[in-house]
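So the chains spell out like this:
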Amino acid sequence: MPDILSPDEINALLAGGGDFNEDEISPEDAEQLEKVSNSFADAAKGVINMLAGKEVNATVGSPEVLEQGDFRKKYSEMPFLFSNTFGGLDDQPMSLVVDTKGALTLADFMMGGTGQNIPEPSDLYLNAAQEGLSQIVGSAFTTLSGLLGGRRLIPENTTSALTEENWSPLTLEPPDMKIWASPIDINITGVSPFRIWACMKLETAIDIAGMMRDIQDGKPIKSSSDEPLGGMGGGSSSGGNKSNDDKGGGNKSSGTKSGGSKPSKKKSSGSTGPLDIISDIPVRVTVELGKARKSVSEILALTSGAVIELDKMAGEPVDILVNGKVIAHGEVVVIDENFGVRLTDIMDADD
């Protein structure tokens, strides 16, 4: 006997477009939210690859819209929950949910292990797992900041813990709260795979998608980082009715960026281009002389005067990284009393 569709399933099949309600995501918003999912997947891949020194694949699965109580049923054992709020988006909550084995695998990499001998949960390793997930969120927020026209995003109110009975991805929200949950499957060479879920309120996801569409459509955006969501953030329900008075630094020059000073990139109306919008976002520039892998026991045995051998030979170019991504190579120089680096090779965008 064929399965009988429920009323909700019938309505879902009949919903072919038009305005969405609070329980569904339009195809246009789903397209934008795919970029949000990819932001977290790319961040997870980059951070874990840096920690593990192994090939990492981060695959985005099909996002789901469901109640928090239904999401909890996905886990037979209590997972590890990393929670924070979107500083810059009205402190909306979000979380990363990962099974305990996956969290401890990440912690093992943070502690210099290989990810093959999973430790027992302890404060030391749970704190290490929190730090690893914090790095993933920070990297993802940097990408999201660009997708949101340079809006300043900061992970705030960060907490983490092994969950307890009747837990929820968004701890302070009711169990029947609708959430948007995007799965990211992590596969590492020689290590057991695990899954990370990126979760946020459905209305937050819809508002973020709406702001991204407004930016793509050239609609003016507000520069304030604490503009409330739900009708004022350029979401689908607001129609993008923002005032042109809020230009937010539209006259900033991007001439220091490659190609930023070409006349063809300028708009005669004086409106901002994509590079102008994000030109004031701070980024962390680091120079990496080399790397070394040590066990915890080797680190604890270090004494003053010990030498750590790096994986680069003397005279090799050093790596210049922006927010953890290599963008150039160079050679170390001394400027007055400070070290500096002279760029010798700038990476292509596709590298």
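Just above, that's the structure.
Residues numbered from 1 in each chain as written. Predicted model: local features only at pLDDT ≥ 70, side-chain atom pairs only at ≥ 80, totals over all residues. Heavy atoms only, no water.

A. Spotlight on the sheet that holds strand 11 (residues 338-346). Strand order in the open sheet made by the 4 strands is 8-9-10-11, with antiparallel pairing throughout. Looking along the sheet, the strands with just one partner apiece sit at the ends: strand 8 (285-288) and strand 11. Each adjacent strand pair in this sheet contributes to an overall mean axis angle of 40°, direction not counted. Alignment of strand 9 (residues 318-322) against strand 10 (residues 325-335), held across 5 bridges, turns out to be antiparallel. Counted as the bridge partner of leucine 321 is valine 326 from strand 10. (Pairing = 2+ DSSP bridges. Helix = DSSP H or I, 4+ residues; strand = E, 2+ residues; numbered from the N terminus. Axes fitted to C-alpha atoms, helices over the stretch in contact; angles between N-to-C directions.)

B. Focus on the packing of helix 2 (residues 27-52) against helix 6 (residues 202-216). The N-to-C vectors of helix 2 and helix 6 enclose an angle of 95°; their axes lie 9 Å apart at closest approach. Looking at the two axes, helix 2 sits roughly perpendicular to helix 6. Across the interface between the two elements, Glu28, Asp29, Gln32, Leu33, Lys35 and Val36 of helix 2 pack against Ala205, Ile206, Ile208, Ala209, Gly210, Met212, Arg213 and Gln216 of helix 6. In terms of residue class, the contact of helix 2 with helix 6 is built from 7 nonpolar, 3 polar and 4 charged. (Parallel < 35°, antiparallel > 145°, perpendicular 65-115°, else oblique. Contact = heavy atoms within 4.5 Å. Nonpolar A, V, L, I, M, F, W, Y, C, P; charged D, E, K, R; others polar.)

C. Up close: unusual backbone geometry. The phi angle at asparagine 157 is positive, at roughly 55°, despite the residue not being glycine. The topology assignment puts asparagine 157 in strand 5 (residues 154-162). Of note in this structure, asparagine 166 is not a glycine but carries a positive phi near 65°. Position of asparagine 166 among the secondary structure elements: in the loop between strand 5 and strand 6 (178-188).

D. Seen up close, the packing of helix 2 against helix 5 (residues 123-147). Helix 5 packs onto helix 2 with a crossing angle of 135° between their chain directions and a minimal axis gap of 8 Å. With respect to helix 5, the element helix 2 is oriented oblique. Our pair here, helix 2 against helix 5, has a crossing hand that is right-handed. Along its contact with helix 2, which presents Lys35, Val36, Ser39, Phe40, Ala43, Ala44, Val47 and Met50, the element helix 5 presents Gly132, Gln135, Ile136, Ser139, Ala140, Phe141, Thr143, Leu144 and Leu147. (Left-handed = near helix turned anticlockwise from the far one by under 90°.)

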